[in-house]
Number of protein chains: 4
Amino acid sequence: MIRFESDYLEGAVPEIIKRLNDTNLEQTSGYGTDPYCAAAREKIKAECKAPNADVHFLVGGTQANLTVIAASLRPHQGVLAAETAHIEVHETGAIEASGHKVLTLPTENGKIKAADIEEYVLRHRADESFEHTVQPAMVYISQPTETGTVYSLPELEAISRVCRGLGLILFADGARLACALACEGTPTLPDLARLCDVFYIGGTKHGALFGEAVVITNNAIKRDFRYIIKQRGGMFAKGRLLGLQFDALFTDGLYYKIGSREAELAARLREAFAAKGIAFKYPSPTNQLFPILSKKQMGTLSEKYSFSVQEHLPNGGAVVRFCTSWATTTEAVDELTADIEKL
Amino acid sequence: MIRFESDYLEGAVPEIIKRLNDTNLEQTSGYGTDPYCAAAREKIKAECKAPNADVHFLVGGTQANLTVIAASLRPHQGVLAAETAHIEVHETGAIEASGHKVLTLPTENGKIKAADIEEYVLRHRADESFEHTVQPAMVYISQPTETGTVYSLPELEAISRVCRGLGLILFADGARLACALACEGTPTLPDLARLCDVFYIGGTKHGALFGEAVVITNNAIKRDFRYIIKQRGGMFAKGRLLGLQFDALFTDGLYYKIGSREAELAARLREAFAAKGIAFKYPSPTNQLFPILSKKQMGTLSEKYSFSVQEHLPNGGAVVRFCTSWATTTEAVDELTADIEKL
Amino acid sequence: MIRFESDYLEGAVPEIIKRLNDTNLEQTSGYGTDPYCAAAREKIKAECKAPNADVHFLVGGTQANLTVIAASLRPHQGVLAAETAHIEVHETGAIEASGHKVLTLPTENGKIKAADIEEYVLRHRADESFEHTVQPAMVYISQPTETGTVYSLPELEAISRVCRGLGLILFADGARLACALACEGTPTLPDLARLCDVFYIGGTKHGALFGEAVVITNNAIKRDFRYIIKQRGGMFAKGRLLGLQFDALFTDGLYYKIGSREAELAARLREAFAAKGIAFKYPSPTNQLFPILSKKQMGTLSEKYSFSVQEHLPNGGAVVRFCTSWATTTEAVDELTADIEKL
Amino acid sequence: MIRFESDYLEGAVPEIIKRLNDTNLEQTSGYGTDPYCAAAREKIKAECKAPNADVHFLVGGTQANLTVIAASLRPHQGVLAAETAHIEVHETGAIEASGHKVLTLPTENGKIKAADIEEYVLRHRADESFEHTVQPAMVYISQPTETGTVYSLPELEAISRVCRGLGLILFADGARLACALACEGTPTLPDLARLCDVFYIGGTKHGALFGEAVVITNNAIKRDFRYIIKQRGGMFAKGRLLGLQFDALFTDGLYYKIGSREAELAARLREAFAAKGIAFKYPSPTNQLFPILSKKQMGTLSEKYSFSVQEHLPNGGAVVRFCTSWATTTEAVDELTADIEKL
């Protein structure tokens, strides 16, 4: 079985494994106060051209989302997000468990629009009983989105402009950010640091064993952020494990290479599906593909490959997901491509 | 100005005011342990034909909703409700502030359907990543709904059957229950006690100064409920004020009379609007009417009457709300009816 | 049985009952937006010499405490309070339920000391692992305290000075404030407004049916406070009931008169106990007395009077509580005084 | 500088590092559903002689504590713990942030007594206003405690008996459990599984990179536990990293060997301090030692060794902490022992 169902099936890139081996017996202080975390922070700040940013390392995406949101909002405030957003649909109510409502905006492809944000907030403010409704105070986007699509630089600029005009915090979940960075016309790390109040750079799905690097440029969110990390269970004792992973990812452009490679391998699969006339549920240029397969196609492919089923269709077919990861081999993609051609 | 914009514009029915005056100097123990609360509990249990029910008196609707839900759910569980439900749209995220997600179901008229509940829950249970999503564990309905419509007895029976089959708690918000009881074919108090796990009988909008009587038939929710009331700020020191109000409302059928009168006066207004060809946004048989007025009609009526605007329409008109209350006079309705005719 | 066990045994002072009767049929808008609330706010602001304060009316003390604290703190922040504080011992964890830890300071008589606050905060800040502990950010005091004692003006000034120096919010719970105002050398309303960031003026235990008036002078807490009230279930639909009660209490000095009378009647009881050589657990100059009775004394008094037992003693005696209220009669005090003399 | 200030200064034992290297390119499913987690679960259940237990792997101790407590309690319930408990003093209010109060019991050495638990609960139940106070529903102990002491088997049996008699959940935090298992007369893993409702086996401080294995024997807590893990941010994507670490720790008795070695090295240091007449703040038989050093002794030792200061003393000395870990070398202990002798 060659597995394509997710991008967290394997361990870490060799550069990270080597670091773990090399440093294993070193003694460093805990909780992210070690030299590896310090070095990784500096590299990320330099890469973001954001010398005044704060950088924190957390273990996973849900943890990053709930910690950032808890640190940012007062109790009566909510966070605007696409109705497909990870925080809305796949975190078991983690945001609500920290007391905040996710306020959803409609979406066709996982992205939300600046105009929809503006309309929502203005309608709230014009409402006579505004105090009886949750105050929208933050916007959450994912780059790339949960459906694999990406915001272009102009789209992010428009959202940022609306957020600043209305006094909203802009937060970007970058669990798969390397893939978005590999797309043309998308915001770079300096763009994200300039346009968002806080965002994170995902490691778990791009070659790390685990870890997300949260970059905060808004001073109000920076304040006391480590208290909130600790309170939510995210203060990692042997914190250097996070630091050395991100230090490796941001040495010699490794993070970008991983993203590019994941995207290129996915592009080959995308072309193979398209060449067979197989349509996609979402127009994803990143490492997650959502082809719509017939029952027969699913049956054939599932003999050799694993993939995940997203949505069963009345005709017996389904929207499925194929992912590439840092560890996906050229050979695996060659083989799958050939098998798609034979469908 | 004759006011029709809400049903909490005035004080209390004379029977309640008299009780307040008569008992003012009596000494009773606090926090709902007094004889008036005890008497009111007995009357409500008798009226519900539910001798084993627990009855608690709370000050308001949002408080009742958040207390009942906090007492009923574990942290990962959410409550299914119409997208128009009060807990979803008009309680400033009170449910999320207690840690729980409101899971919305589509609706056309404020009501939800047994089949939609079933489908939602079965889809959750069949989902591979069900543990990454909020577990639906409770169903919240309003009787009447926020749009003035009512569940018929067969509709409530169907919802109750689905809930029991799936192990869901059924909770009915009866902030305006007297009006629903006044409609033909709707569940009676014994029906509600038999079909729901918990519901409440609204006083605030039916002649009391304030107060909602929560009736609990499910033993798991009964347990330690008073602790939760206290924790959420709802343990009223001079608790007898709640008891004597409900004692009055459930003496000589007063509660039913209030509901019937409110509904009858509303019916006269409904007919007057209809006679002029004015349509309604929702088919409400209760004390809230939602006519769709033109700009001109609004202008004319607003010279003498107050009403609330629910939704501005592109043509300058609006969906508005007229309410009747226990204190609405026949004269006021006569006058408004006459003025509607002249529109 | 003549009851002395609490100060919420009766209804409201005649001035309030009259207002309720007189205004019952008036129509006013809801949720505290009516003219009675507006008038009461102005009177309270004038009485506090705090024209820029915000004043909100809540139904009860626990509700006021949890709403103010939720509005004031970020998630990692806690509130310093005496180990005997109401929020620590008698609110079923309401503060923790809103996510915040109560950080206790030792006390002998219910009061906390400026020096202890300072020491606690400086120790926190000097602690290497300060981020692993709750950040003290607010100080909660009760005036009078739960044990009936009062802060003198110099004591409150010292606490306020420490709080401002350290950037802490100072919050005073005034559930029985009228009695403290009646004592010599205690802070006046203008003192409280000047020295605290937020405090409340208790109505429930001083002649109202219910209600606490929250006075906010700190702009950060003012912001969006009504959202938080609504979210926590404290937005009272027929809000004018709160307004007209406080309007009555602050007309012709009624609030002060109630406090003075309660304190005077309590003083007579205090002297009677003292004359018999009966000691007190706490040196309370206000309307709650905590005499230490022998088993025999308890037995004798309980034949005619109700009082509450605070703490059973090994010798069979107990610390008990006698309270006076606005409704306590001179005759009742005469009788009890005479019976104490006969002990 | 030879470091003794904590037991999380280094990476992982060679057995774990080897596993990470060997399995790095394998493809496994995520979120703890992989074969390594399954194998580790079976080994732990066998070691605990608890075939019906549920075993879950979490990343850290605070996360384990807050997840277990959130899964176990209703909103009005609190957890009894020593006033020195980790959840009370060193988790930034994580338990309160999930809505629950920590109810403290006095302690001299970090342990709590069965009799104190019983007295607390009976006093709560006998209290007239019990509903105004937090309901004690769980007991949290640490084995070993935060001060390095251990519960003997009879002590744990007594606590368990009281908990079962009173209907309380017993939860043991075993962040440093290996060291307690190495002590004579302490509960074994089967004892813990038999006597507790839930406990965890700490990996982070005993040779793992990270990880705690939560063992649940109480069916009510088992139910839906994975939802709560996900909601609190603890659902680890590459879950096998946790599984293979615990699989290694429970192969060939490695976990016990680590604990024994840590304890033995600590015993040598303990003897060295004692031989010099240096007293200890707490009588710890485990890997954390708390000697009371004079200012001069601290100065001398700090030239070559790092240790942490727990409490400054008026005479300029301090209570300090020395820890041994799986990676502490015999040579380091030899050297420190010799230097202690020269003090």
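For the structure itself, look to the data block above.
Summarised in this report is the structure supplied together with it. (Residues numbered from 1 in each chain as written. Chains lettered and ligands numbered in written order. Predicted model: local features only at pLDDT ≥ 70, side-chain atom pairs only at ≥ 80, totals over all residues. Heavy atoms only, no water.)

1. Here we look at the overall build of chain A
And step 1. Scanning chain A for helices and strands turns up 15 helices and 13 strands.
And step 2. In terms of overall size, chain A behaves like a compact globule, its C-alpha atoms giving a radius of gyration of 20 Å where 343 residues would be expected to give roughly 20 Å.
And step 3. For chain A, restricting intrachain contacts to residue pairs at least 6 apart in sequence, the fraction spanning at least 24 positions comes to 72%.
And step 4. Total accessible area computed for chain A in this model is approximately 11800 Å², and 52% of it derives from carbon and sulfur atoms. (Helix = DSSP H or I, 4+ residues; strand = E, 2+ residues; numbered from the N terminus. Rg over C-alpha atoms; globule rule 2.2 N^0.38 Å. Contact = heavy atoms within 4.5 Å. Areas by Shrake-Rupley, 256 points an atom, 1.4 Å probe, with all protein chains shown as cover.)

2. A word on the relation of the copies chain A and chain D
And step 1. Each copy superposes on the other: chain A lies on chain D with an RMSD of 0.0 Å after a rotation of 180° and an axial shift of 0.0 Å. Such a combination of rotation and displacement between the chain copies is what one expects of a two-fold axis.
And step 2. Here 100% of the contact residues of chain A are again contact residues in chain D; the copies associate through an equivalent surface. (Least-squares fit on C-alpha atoms with pLDDT ≥ 70 in both.)

3. Side note on the sheet that holds strand β2 (residues 54–58) of chain A
Residues and elements named next belong to chain A.
And step 1. In spatial order, the strands read β2-β8-β7-β6-β5-β3-β4; together these 7 strands make up an open sheet with mixed pairing. Both edges of this open sheet fall to β2 and β4 (102–105), since each of them pairs with a single strand only. Taking the axes of each pair of neighbouring strands and ignoring which way they run, one obtains an average angle of 25° across the sheet.
And step 2. Pairing between strand β6 (residues 169–173) and strand β7 (residues 198–202): 2 bridges, direction parallel. Paired with Ala172 across the strands is Phe199, a residue of β7.
And step 3. In the packing of helix α12 (residues 240–249) onto the sheet, contacts are made with β2, β7 and β8 (212–216), and the angle to β2 comes to roughly 115°. (Pairing = 2+ DSSP bridges. Axes fitted to C-alpha atoms, helices over the stretch in contact; angles between N-to-C directions.)

4. Some points on the sheet that holds strand β3 (residues 77–82) of chain B
All names here are of chain B.
And step 1. As summarised here, the arrangement of the 7 strands in space is β2-β8-β7-β6-β5-β3-β4, forming an open sheet in which the pairing is mixed. With one partner strand each, in any of the chains shown, β2 (54–58) and β4 (102–105) form the two edges of the open sheet. This sheet shows a mean twist of 25° between the axes of neighbouring strands, independent of strand direction.
And step 2. Across 5 bridges, strand β5 (residues 135–142) lies against strand β6 (residues 169–173) in parallel orientation.

5. Some details on the side chain of Thr133 of chain B
And step 1. For Thr133 of chain B, the position within the fold is in the loop between α6 (114–126) and β5.
And step 2. One polar contact links Thr133 of chain B to His124 of chain B, side chain to side chain, over a distance of 3.0 Å.
And step 3. If near-sequence neighbours (up to four positions away) are discounted, Thr133 of chain B is found in contact with Val89, His90 and Thr92 of chain A, His124 and Asp127 of chain B together with Tyr227 of chain D. (Polar contact = N/O pair within 3.5 Å; in protein donor to acceptor, adjacent residues only side chain to side chain.)

6. A look at the packing of α6 of chain B against helix α7 (residues 153–166) of chain B
Residues and elements named next belong to chain B.
And step 1. Between α6 and α7, whose axes approach to 8 Å, the crossing angle comes to 20°. For the element pair α6 / α7, the angle class is roughly parallel. When you trace α6 past α7, the crossing you get is right-handed. Only Ala158, Ile159, Val162 and Leu166 of α7 make contact with α6, whose side of the interface consists of Ala114, Ile117, Glu118, Val121, Leu122 and Arg125.
And step 2. The class makeup of the residues in the contact of α6 with α7 is 8 nonpolar, no polar and 2 charged. (Parallel < 35°, antiparallel > 145°, perpendicular 65-115°, else oblique. Left-handed = near helix turned anticlockwise from the far one by under 90°. Nonpolar A, V, L, I, M, F, W, Y, C, P; charged D, E, K, R; others polar.)

7. Thoughts on the packing of aromatic side chains
And step 1. Scanning the model with the defined rule gives 62 aromatic pairs over all chains in all.
And step 2. Both rings, one in Phe210 of chain A and one in Phe210 of chain D, keep their centres 5.0 Å apart while their planes meet at 70°; by these two values the pair is edge-to-face. Here Phe210 of chain A is found in the loop between β7 and β8, whereas its partner Phe210 of chain D is found in the loop between β7 (198–202) and β8 (212–216) on a different chain.
And step 3. With centroids separated by 6.4 Å and ring planes inclined at 85°, the aromatic side chains of Phe250 of chain C and Tyr256 of chain C adopt a geometry described as edge-to-face.
And step 4. Phe250 of chain C gets classed as buried once you look at its relative accessible area, which sits at 6%.
And step 5. Aromatic ring contacts, followed pair by pair, group Phe4, Phe273, Phe280, Tyr305, Phe307 and Phe322 of chain A into a single cluster.
And step 6. Here the basic side chain of Lys111 of chain A rests over the ring of Tyr151 of chain A, its NZ or CZ set 5.7 Å away from the ring centre. (Phe/Tyr/Trp six-rings, centres within 6.5 Å; stacked < 30°, edge-to-face > 60°. Buried < 20%, exposed > 50% of the residue type's maximum accessible area, 1.4 Å probe, protein only. Lys NZ or Arg CZ within 6 Å of the ring centre and 35° of its normal.)

8. Details of the interface of chain A and chain D
A common way to state how big an interface is: give the accessible area lost once the parts meet.
And step 1. Listed per partner, the contact involves 44 residues of chain A and 44 residues of chain D.
And step 2. Overall, the association of chain A and chain D removes approximately 3900 Å² of surface from exposure, summing both partners, and the carbon and sulfur fraction of that is 54%.
And step 3. It is Tyr8, Gln27 and Lys238 of chain A in chain A that bury the most area against chain D; as a group they hold 18% of the surface buried on that side.
And step 4. Seen at the junction of chain A and chain D, the total is 0 salt bridges.
And step 5. Here chain A and chain D share 27 residue pairs in polar contact (both at pLDDT 80 or more) between them.
And step 6. Put simply, the parts of the chain that give the side of chain A that touches chain D at least two residues each are β1 (2–3), α1 (14–23), α3 (61–72), α5 (94–97), α11 (225–231) and α12 of chain A.
And step 7. The class makeup of the residues in the side of chain A that touches chain D is 20 nonpolar, 16 polar and 8 charged. (Buried area = accessible area lost by both parts, 1.4 Å probe. Salt bridge = Lys/Arg side-chain N within 4 Å of Asp/Glu carboxyl O.)

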